[in-house]
Every structure is written in structure tokens, then in C-alpha cells.
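Each chain is listed here by its residues.
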Amino acid sequence: KVVTPVNKDPCAEVVTVVDTLGLPRAVDDGSLPAVDYLDGAHCVYVLKATTASRVKLQFTRLALEDGYDWLRVYSHESDWSAATLVGEFTGGVLPYLTVVSPGDSLALVFDSDASVGGRGYAAQWVATEDLPSRPPEQAAGAPCVGAGVVLTSR
């Protein structure tokens, strides 16, 4: 299902996007690069690999209201109770991070508050056989915090 919102709520439902022929695909917050995302948005995109066993995600844009609007990335299984938080992103610093899922799906959950928007996020994703991402070496449960990025080990 392809969602092309034009001045409407792109987040009316959970959207599952399946890879085609192993080619890179784009995913974003539903706004256009020159238009701010909607206030009060709650968007869920599930990226599902069918031509390989994992999903690789690389950010190309991140411009969110720092500390108020968040993109959370989960390793997603068919049952949400098994989803694991992979990373949380806010602010305007593009993470130099490639996320590779441990399973065949990633879920992107975007939440914005009721005021002050931004240009949003955009990323490229592809089905891959690359090894899954590993959190940085750190004490269990301790956050790894960088400008605009919060990663927690699980």
C-alpha cells in the first residue's frame, strides 16, 4: 500500500510496506520535505522483508522538535507484545546509524505533540542478509545518549 498524503492525515492507520525485488525503498513521516509534519500525529509504518531475512534502515533526514516529537524504531514481530525498542530519535541531528533488524520487520512509530513541527524524517530501507545491529558496549539498561539520539540496551 502506497501512502501519498496531500494536506490530509497520513497516519489514519498502520501501514505495512513490503520490499519488492530487494530494491531500496523510501519511507518518511508522510509530509513533503518543504512542509512540516502534522501536529498531534501518531504514525506507524511496518517495514517487512520478504526477499531476505532482515530489514536495513538508513536515515536521510531528521528534523523533529527536540525532546517533544519522537521517532521510535522497534524490531517488530507479528505480535506487538514481542516488539523490542531498537532506537529513539528526536531533534535535528541526522544519526550516523544504520539499523539492521534481528527479524524480518521493523516498525517505525512517529509521535508529534500538539504544537511546533519540523520537516520530519526520511530514510531508505532494504531487505538484507546483513547481521543485526548491536547496541554499543555498556552497562545493561544504561542509556547511550547523543545529540538527538537516545539508544537503550535491552
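So, a few notes on the structure that sits alongside this text.

Parameters and conventions
Residues numbered from 1 in each chain as written. Predicted model: local features only at pLDDT ≥ 70, side-chain atom pairs only at ≥ 80, totals over all residues. Heavy atoms only, no water. Helix = DSSP H or I, 4+ residues; strand = E, 2+ residues; numbered from the N terminus. Buried < 20%, exposed > 50% of the residue type's maximum accessible area, 1.4 Å probe, protein only. Lys, Arg positive; Asp, Glu negative; His and termini not counted. Salt bridge = Lys/Arg side-chain N within 4 Å of Asp/Glu carboxyl O. Polar contact = N/O pair within 3.5 Å; in protein donor to acceptor, adjacent residues only side chain to side chain.

A look at the side chain of Arg 54
Here Arg 54 is to be found in strand β4 (residues 54-63). An unpaired buried charge is present at Arg 54: no salt bridge exists, and Glu 129, the closest side chain of opposite charge, is 4.2 Å distant. Within the structure, the side chain of Arg 54 is placed 3.3 Å from the backbone oxygen of Glu 129, a separation counted as a polar contact.

A short note on unusual backbone geometry
Notably, Val 116 is not glycine yet its phi reads approximately 55°, a positive angle. Within the secondary structure, Val 116 is located in the loop between β8 (105-111) and β9 (120-128).

Topic: the environment of Leu 97
Along the chain, Leu 97 turns up in the loop between β6 (84-89) and β7 (98-100). A sequence separation of 39 residues divides Leu 97 from Gln 58, and the C-alpha atoms of the two residues are 6.6 Å apart.

Things to note about the pattern of salt bridges
By the definition in use, this model includes 6 salt bridges. Here Lys 48 makes a salt bridge to Asp 104, at a shortest N to O gap of 2.6 Å. With Lys 48 in strand β3 (residues 42-48) and Asp 104 in the loop between β7 and β8, this residue pair connects regions lying 56 residues apart in the sequence. Note that Asp 111 is salt-bridged to Arg 72, the shortest N-O span being 4.0 Å. Highlighted residues: Asp 111 in strand β8 and Arg 72 in strand β5 (residues 70-75), separated in sequence by 39 residues. By relative accessible area, Asp 111 is classed as partly exposed at 22%. Taken together, the shared-partner salt bridges in this structure form one network comprising Arg 72, Glu 88 and Asp 111.

Such coordinate-based values are descriptive only and should not be taken to indicate function.
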